[in-house]
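Inside the fold
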Amino acid sequence: LLKSFSSHFKYVCVCVCGKFLFFCTFSLVIINLLLDQQLVCFGDMRMGHVNFMEESKTSLRHIFLQGWDAERDVKAYPPNSGPYAIYSMEEFYSQLTHSVVQYYRLNMTTFGNYEYNSSLVGKSAHYPPMNFCLYQYRRSDIYLLNVSYVFDTTVLKNCIVIDLKNDEWLRDDFSIEPLLHSKNMSIQRRKFLAAELSFYLKTVYIRRASVSDLPDCFLLKPIVRFDNAMHTGQVVVSLDVTAQYLNCKGELYAQGVMICFAFLDFLRWRNNNSFLFFQKVEGGKKCSWDFWIFL
């Protein structure tokens, strides 16, 4: 009897252990599948973010840089064209005036989801101001007759706020040069080192029209830079953009019935438990419920 009981107990233990190993193996397979899905979603989101930033820079260059063409968007070696640059004071003021006017005409000329960084827009005719900074050497005297010079390489930074009133930028003969002179921002060509025009824009990045891929909000800071560091007569003009995430508030509606698995944003593990969050869109309204799986 004891021998029969031992034999029966052995098979029971093997059966229990086998079930436990099978359950653990099955759980690991499910976890690996969820992790793979999470990595795929993360990679897709990062790729979309990179593409959005690159395309935003391209569109802003076409808007704010005068005469920017599509050939400059193609990165090739050797490049298809020379550096985007200016070579005279007239071209400097023309480019700066163009960038300022395009900022004030932004909502009338572009297809992008750009908006000014101010709560006053739409309530009054006031636009958020732009910042203009001028970098020049303290002293740069060159005497070519006797081939001598006096340099003081201390960089002086002078910044002003550009805030146009009364729609003066709508005039065909508008120029930013008188405004700079009135604020003591005279540019001395031998001292001139660099200049920067910066401002802020808000935008919403809509990746896809789906519930599981919600829009992202950004605060963009474009900077138009004039670089004369080499003092060769060629002032290189560039536009760079930095982005900062903003908290979005909104609702996303879809037609019909859709169930989505938000693996990236709503999947987490706590105390060996996995938590899945399901969303359902029905009749244009979004509802949700919780579903727990214990591993």
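Residues numbered from 1 in each chain as written. Predicted model: local features only at pLDDT ≥ 70, side-chain atom pairs only at ≥ 80, totals over all residues. Heavy atoms only, no water.

**Brief notes about the overall build of the protein chain**
Helix and strand content of the protein chain: five helices and twelve strands. Across the 295 residues that make up the protein chain, the buried fraction comes to 32%. Considering only contacts within the protein chain whose residues lie at least 6 apart along the sequence, 61% involve residues at least 24 apart. Within the structure as shown, the protein chain displays about 19,500 Å² of accessible surface, and the carbon and sulfur contribution to it stands at 58%. (Helix = DSSP H or I, 4+ residues; strand = E, 2+ residues; numbered from the N terminus. Buried < 20%, exposed > 50% of the residue type's maximum accessible area, 1.4 Å probe, protein only. Contact = heavy atoms within 4.5 Å. Areas by Shrake-Rupley, 256 points an atom, 1.4 Å probe, with all protein chains shown as cover.)

**Digging into the confidence of the model for the protein chain**
For the protein chain, the mean per-residue pLDDT works out to 76, and 69% of the residues sit at or above 70. The low-confidence segment residues 256-295, where pLDDT is below 50, has 77 contacts with residues more than four positions distant or belonging to other chains. (pLDDT = per-residue confidence, 0-100.)

**Some thoughts on helix H2 (residues 89-104)**
In this model H2 runs 23 Å from its N-terminal to its C-terminal C-alpha over 16 residues, within 8% of the 22 Å that 1.5 Å per residue would give. All buried positions along H2 are accounted for by Phe92, Tyr93, Gln95, Leu96, Thr97, Ser99, Val100, Val101, Gln102, Tyr103 and Tyr104. (Expected span 1.5 Å × (residues − 1).)

**Considering the side chain of Ser99**
Here Ser99 shows up in helix H2. Setting aside its immediate chain neighbours within four residues, Ser99 contacts Phe64, Met130, Leu197 and Val224.

**Some points on the state of the cysteines**
Counted according to the given criterion, the structure contains two disulfides. Disulfide pairing is shown between Cys133 and Cys159; the S-S distance is 2.1 Å. Between Cys133 and Cys159, the disulfide has an S-S torsion of 110° and is therefore right-handed. Within this pair, whereas Cys133 is found in strand E3 (residues 130-143), its partner Cys159 is found in strand E4 (residues 148-162), the two being separated by 26 residues in sequence. The partner cysteine of Cys217 in its disulfide is Cys248, sulfur to sulfur 1.8 Å. Disulfide Cys217 to Cys248: torsion about the S-S bond roughly 135°, handedness right-handed. Taken as a pair, Cys217 in strand E7 (residues 216-227) and Cys248 in the loop between strand E8 (235-246) and strand E9 (257-261) lie far apart in primary sequence, 31 residues in all. Judged by relative accessible area, Cys217 falls into the buried class, the value being 14%. (Disulfide = S-S within 2.5 Å.)

**A short note on the pattern of salt bridges**
Within this structure, the stated rule accounts for six salt bridges. Across the pair Arg139 and Asp141 runs a salt bridge whose closest N-O atoms are separated by 2.6 Å. Under the relative-accessibility criterion, Arg139 is labelled partly exposed at 40%. The closest approach of N and O atoms between Arg171 and Asp173, which form a salt bridge, is 3.3 Å. (Salt bridge = Lys/Arg side-chain N within 4 Å of Asp/Glu carboxyl O.)

**Focus on the pairing of E7**
As defined by bridge partners, strand E5 (residues 192-198) adjoins E7 across five bridges and the pair is classed as antiparallel. Directly across from Ala194, in E7, lies its bridge partner Asp227. Sheet topology places strand E6 (residues 201-205) next to E7; five bridges connect them, and they run antiparallel. In the sheet register, Lys202 faces E7, and the bridge partner there is Leu219. Strand direction decides the pairing type here: E7 and E8, joined by eleven bridges, are antiparallel. The residue bridging Leu219 from the neighbouring strand is Gln244, located in E8. (Pairing = 2+ DSSP bridges.)

**A closer look at unusual backbone geometry**
For Asn184, which is not glycine, the phi dihedral falls at a positive 60°. Residue position: Asn184 is located in the loop between helix H4 (177-182) and E5. Owing to a relative accessible area of 61%, Asn184 belongs among the exposed residues under this scheme. Look at His231: it is not a glycine, yet its phi comes out positive at around 55°. With respect to the element layout, His231 can be found in the loop between E7 and E8.

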